[in-house]
Amino acid sequence: MAKQHIQLDVNGIPYDVLVEPDRSLADALRDDLGLTGTKRACNEGECASCAVHLDGTVVNSCLVLAVQAARHRVTTIEGLARNGKLDPVQQAFADLFAAQCGYCTPGMVMTAKALLATNPKPSEQEVRQGIRGNLCRCTGYAKIVDAIMAASGQAPPRVDEVERPSKHRVVGRSLPRTDAREKVTGRAAYAYDMRLPGMLYGEILRSPLPHARITSLDTSVAEAIPGVVAVYTQKDMPQTKFGAFVQDETALADGVVRYVGEGVAAVIAVDEQTALRGIEAIDVEFEPLPGVFDPEEAMREGAAQVHPDVERNIVAHNRVLAGDLEAGFAAADHVFEDRFVTGRQCHACLEPHAVIADHDASGRVTLHMSTQSTFFDRFSLMGIFGMAANKIRIIAPYLGGGFGSKSETHSIYVVAIQASMNLGRPVKMFHSRDEEFMASRTRHPEIIDIKTGVRQDGTITARSARVILDNGAYTSYGPGVSLTQSMLGGAVYRIPAYRYDGYTVYTNNPFGGAFRGFGSPQFTFAAECHTDMIAERLGMDPVEFRLKNLSRAGDRAISGPALDSCGVYECVEKAAEAIGWREKRSNPKAGRGVGIACGVHFTSGKFHPHVNADFCAAGVKVNEDGSVSLMIGATEMGTGAATTATAQICAEELGVELGAVDVVTSDSETIPADFGTYGSRVTTLAGNAVRDACAQVREQLFRVAGEGLAAKTDELAMGDGKVFVRSEPERSMDLAAVVQSSLFRDRDGRQIMAQAHYDAPCSLPDPETGVGDFAMSYSFGAHAVEVEVDEETGQVRIVDFVAATDCGNLINPALAESQVEGGAAQGIGYGLMEDLVCENGMVLNPRFSTYKIPTALEMPPIRSLWVETNDARGPYGAKGLAEMGLVPTAPAIANAVYDATGARLHRIPLTPERVLAGLDAVRRPEGVRS
Amino acid sequence: MKYLEPSTLEEALDLLDEHGDTAKVIAGGQSLLILLRERLVTPEVLIGLSAIEPLKRLEINGETRIGAMVTHAAVEQDARISERWPVLAVAEAAVSTVQIRNRGTLCGNVAHGFPTADPPAALIACDASVHLVSKRGGQRLVAAEDFFIGLMETAARPDELVTAITLPAQPPQARGAYLKYATRALDFAIVGAACRLVLGSDGAVLEARIGLNGAANHTLRAREAERVLIGERPTPVLLERAGQAAALESSPLSDVDGSEDYKRRIIAVYTRRVLMRALGEG
Ligand SMILES: Cc1cc2nc3c(=O)[nH]c(=O)nc-3n(C[C@H](O)[C@H](O)[C@H](O)COP(=O)(O)OP(=O)(O)OC[C@H]3O[C@@H](n4cnc5c(N)ncnc54)[C@H](O)[C@@H]3O)c2cc1C
Ligand code: FES
Ligand code: FES
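Rules and cut-offs
Residues numbered from 1 in each chain as written. Chains lettered and ligands numbered in written order. Predicted model: local features only at pLDDT ≥ 70, side-chain atom pairs only at ≥ 80, totals over all residues. Heavy atoms only, no water. Helix = DSSP H or I, 4+ residues; strand = E, 2+ residues; numbered from the N terminus. Rg over C-alpha atoms; globule rule 2.2 N^0.38 Å. Buried < 20%, exposed > 50% of the residue type's maximum accessible area, 1.4 Å probe, protein only. Contact = heavy atoms within 4.5 Å. Buried area = accessible area lost by both parts, 1.4 Å probe. Salt bridge = Lys/Arg side-chain N within 4 Å of Asp/Glu carboxyl O. Polar contact = N/O pair within 3.5 Å; in protein donor to acceptor, adjacent residues only side chain to side chain. Nonpolar A, V, L, I, M, F, W, Y, C, P; charged D, E, K, R; others polar. Near = heavy atom within 4 Å. Areas by Shrake-Rupley, 256 points an atom, 1.4 Å probe, with all protein chains shown as cover. pLDDT = per-residue confidence, 0-100. Domains from an automatic or database assignment.

1. What to know about the overall build of chain B
- What chain B contains, in helices and strands, is 12 helices and 14 strands.
- At 19 Å, chain B has a C-alpha radius of gyration in line with the 19 Å of a compact globule built from 282 residues.
- Principal-axis analysis of the C-alpha atoms places the extent of chain B at approximately 55 × 45 × 35 Å.
- Put simply, chain B has 282 residues, and 59% of those count as buried.

2. Focus on the interface of chain A and chain B
- Counting from both sides, the interface comprises 55 residues of chain A and, opposite them, 45 residues of chain B.
- Summing the contributions of chain A and of chain B, the shared interface buries around 3,900 Å²; its carbon and sulfur component is 49%.
- Three residues stand out in chain A for area buried against chain B, namely Leu63(A), Gln68(A) and Arg132(A), and they jointly supply 18% of the buried area on that side.
- One can count eight salt bridges joining chain A with chain B.
- Residue Glu280(A) pairs with Arg39(B) through a salt bridge whose shortest N-O separation is 3.1 Å.
- One can count 24 residue pairs in polar contact (both at pLDDT 80 or more) joining chain A with chain B.
- Mapped by element, the contributors of at least two residues to the side of chain A that touches chain B are β3 (51-54), β4 (57-60), α2 (66-69), α9 (272-280) and α25 (912-922) of chain A.
- Residue composition of the side of chain A that touches chain B, grouped by class: 22 nonpolar, 18 polar and 15 charged.

3. Quick notes on the site of ligand 1
- In the vicinity of ligand 1, 34 residues are found, and the nearest of them are Val25(B), Gly29(B), Gln30(B), Thr105(B) and Asp118(B).
- Mapping the residues adjacent to ligand 1 onto the chains of the assembly identifies chains A and B.
- Between Lys24(B) and ligand 1, the recorded distance is 3.4 Å, taken from a side-chain N or O atom to an oxygen atom.
- Contacts to ligand 1 include Val25(B), whose backbone N or O atom sits 2.6 Å from an oxygen atom.
- In isolation ligand 1 has 960 Å² of accessible area, and contact with the protein removes 95% of it.
- Looking at the shell around ligand 1, the elements with two or more residues in it are β2 (23-26), α2 (32-37), α7 (106-112) and β10 (161-167) of chain B.
- In terms of residues, the shell around ligand 1 owes the most to one element, α7(B), which gives four residues.
- Among the residues making up the shell around ligand 1, the classes are represented as 16 nonpolar, 12 polar and six charged.

4. Description of the confidence of the model for chain B
- Here chain B averages 97 in pLDDT, and 100% of its residues register 70 or above.
- What the predictor reports for the complex is a pTM of 0.97 with an ipTM of 0.97.

5. Topic: the domain arrangement of chain A
Residue and element names in this part refer to chain A.
- Taken domain by domain, chain A comprises domain 1 (1-132 + 145-151), domain 2 (197-289 + 350-401 + 406-439), domain 3 (515-599 + 773-922) and domain 4 (615-759).
- One C-alpha centre belongs to domain 3, the other to domain 4; they are set 39 Å apart.
- In this complex, domain 3 contributes 15 residues to the contact, which on the side of domain 4 involves 17 residues.
- Summed over both sides, the interface of domain 3 with domain 4 buries roughly 1,200 Å², with 62% coming from carbon and sulfur.

6. What about unusual backbone geometry?
- Here the bond from Ile908(A) into Pro909(A) is cis, since omega is 0°, no more than 30 degrees from zero.
- One can find Pro909(A) in the loop between α24 (889-901) and α25.
- The phi dihedral of Asn870(A) falls on the positive side, at around 50°, and the residue is not glycine.
- In this fold, Asn870(A) is placed in the loop between β33 (862-866) and α24.
- The phi angle at Arg39(B) is positive, at roughly 60°, despite the residue not being glycine.
- Checked against the element boundaries, Arg39(B) lands in the loop between α2 and β3 (45-48).

7. Topic: the pattern of salt bridges
- Inspection of every chain in the model, using the stated rule, returns 84 salt bridges over all chains.
- One salt bridge connects Glu301(A) with Arg312(A), and the closest N-O pair in it is separated by 4.0 Å. With Glu301(A) in the loop between α10 (295-298) and β12 (314-322) and Arg312(A) in the loop between α10 and β12, the pair connects residues that are 11 residues apart, well separated along the chain.
- Overlapping salt bridges, with partners in common, bring together Asp127(B), Glu145(B), Arg209(B), Arg221(B), Arg223(B) and Glu226(B) in one network.

See below:
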């Protein structure tokens, strides 16, 4: 395609560029001008992460041709801040926690700015309408709406801390995120946006069939395309299979494709467009094989085999056997059994998976990648490539969301490394939006049969569950998901006898992996709908039934968890009260209802039979000017845990301001080993490591300051950036002076620096019974919602939402609230609309327009309430939080829909069509409209 | 592929004539660029309309004439349109997102012929006409209700340009409404219903125009539903019957948003509701 010469006026600067006529403005800005503050999360006009101003109006730059933008004024996020001063919208986003992962932020800021230019005092509803095209996967939009209202002068510019005073100086306060400025300016680095000199691009040709043998593969035409550097198939790749639990994956298909979207061949080329042309030119022939798409069918004798030698396609069977089940059911007055089915939710991170592999002449490969765990990935890649650990360096910049999907090896990583090794150049690979949907893991769909024995008075006597996980074509974290739900499934209520059987079953569907909640949302949907159904059958109020049976602090749950702190009872009480439970349940209104559900989630935990460890690490260094460098092994995927919560703990411990602490995260070479960011673990596990490292640093400082102040170390304390004598605070030394005196001395100098390893106190479940206290602590929560159901269409609208959460004490209340709000959004999506629809293995909705996540308009305001239980194991009494926010959402909605309509739905998402069918089933004939 | 930007309509028509099937017109690009990216169309020449000044005009004198390069946002925000053709203004505000409305054009939307777009039903209800011009065929006018033929298929020939859409002044007593049913506000419609009713002094329906998006592989005029109404006084039962008639004359497509049966029910409900809204009862 002949290039055209154009002039682009961007942020007031004229640029001469040579572009193909089909080049989008987004690509020209990002790749030709290096202005990567403009994001490109879908490239199809469906997310507005690429929003810029064109002659003052906001447009999606992926849907503008660069040639069309010539001679028009383009303003990007980089054009807003002047001389280091943020634009008021950026400032409000930074101060009010509106940027989590930050990947939607530039587009959001540009959109908000355009909105305020035409409507300086919008109502909240107008703000939501105005940003309805901007997808955000992290925030639930609450803090974004707050920030826009604040920027328009209609809401407070800072989080009000009056209502929630903290006992501490830094911890417990809603201090703005330390990474906010980078994110609101579009300067934060993400792997997807990075470029290295001489970099090549790789693309993968993916299977259009769910199960087939590759009978011929002709790459010659592709190889002949100018600019195509190499074409690879599995024979060019490492042959060692990989996978977190079962090693069943290869980088590219091993002769057979097992799901739609599996990699068949890879093309490496000088640029993205050429690589895409390359994969189109590959000629593949397939011989279709019989597939199996329903996990129950897959378990039948004689079903098609997804992998050889896996009997009835069952790759794992997880079990918990606790208490005398037979006696428990025998003691019951009633035994109720119900079946539930859950959907295939996708992570839908705004930033797709991305990697740049750079193999250098010394034999070391450096990876810049969007990963939650540099440690897990390095461990896995070492095995695949047979390389020494110190020859693989993984650097994770900021992540544009992860939610579990970025915690294992993906084929693009292996292909990029191999290609870089072969070609001696950096190779970048990333998923397009449809690859992100089809080939980057999902939440496992499950079929759950749950059975509970109860006495007439409502006391639970026994519970058993039989669960089938649709694993998809490869195993990933399947058995871990099952194990986690098996343990948590026994922890919410006092259950005298419990049995769990979970079957992880191969199918020719896209495959499941780790996803925020890790098995808990599926099981909780079943258990909490079942709970309401039992209460009704017994003629009891669902809240009353729960309160009668809920676990309490000090309990050891039947499945093993030691519930040293447990606020679920208070959570249910608070949520019920806040939603107006009693009054609304006793005054039913047609088409309106309230529902409640509660649940539990773990703080990290041991869920892999061969990994008897659960740790985080931190390093603390005090510099010669008294500033503090904090090294965190975890990655910052958006929660703020790695960059802000840990920094607050560090600042508290060392008696400095938060601004004095600078955080470096996740570089496998320079930071101690750390499992990374997943399992709601960073604030607590890394937080404890920070405390330990700070304690060591304090000792070092005291030793030196003791000399200077002629005091014993046990007489010293820290605060205000100083070390001082506790009884005479004016006898003090600035940290700078202490550090300088330690570093600059005639011999005998020492660093003021320490690192710490925090190993969570928990244990692997017993291999026989499956019982164990498998996590450091357990967080609880209850969600109560009020819904309005359109009884003619089945459409459900959420009008009120209360989330009461026990995550121990809060390290940063606003940050905690952001997690709950973002969790609620994913929970609402899970309950109402999100489902990757597969028909005979074909994915029908791999786009943001057809796989629907909530926008600002679907989100009600979220009212967060807290039950601070002060957990003894966590730093400052904190427990994990990030996942809890979505665990009980879907069943609360389903229960509310039942209350509103009398239709009990056993399957999520509650699509309008399913709700309407449910309504049809319960409507008495005379109730039908004429 | 080449990108050309003629500065007059004549030049544009010459180019279309010269390049025939190998050319594609680009207005806002909000639909075309996706087709290009997915290689569903592979033109050799792209003819940009943005330098042709007359196509940017939105003129109102009695009727309204909306030029080919007038964006959704410009139509939606024009106070005269919301006052005199509120059905169209509401349908335009229902289109996707502010980013798309700022760039996409009403004429491009119509030329694209997408069955679940928003404006087409409103245009049928408002009795709009599509102005077509080609070098060989000259000018012609096609009524909106005859313009939409199939999935991304319209009455326009490949060498024809949509130059404008005109909406006549609405009858003095006309009442209209547009209602969209979608999973989320930014989505394409599952069903979009538009209507314009004129009632006689006795309260009976003199004239009815109903347009339905999402009711088939193209936007429909629901003539059977209209027939139910004509000459009758609107009662709940009548409106319900009109809804049922609309559902019967529709043939919606099953997809991830719902089955054909489900959509038929929605068509019945939304047709009734849009009529009620127009009558000030919903
Ligand atoms: C994510 C997304 C969501 C959307 N959601 C909605 C929605 O909810 N409701 C809705 O109504 N629309 C929606 N749209 C479509 C939007 O309204 C487009 O603006 C519109 O369909 C096309 O207008 P355009 O000016 O961008 O046309 P283009 O994309 O430039 O052109 C579209 C087609 O029409 C042809 N064409 C354009 N102008 C002319 C002309 N003057 N004469 C002849 N042929 C012409 C082009 O060749 C092309 O084939 C959505 C689009 C996107 C990307
Ligand atoms: S990248 Fe442009 S809208 Fe998503
Ligand atoms: S902050 Fe919006 S997508 Fe992450």
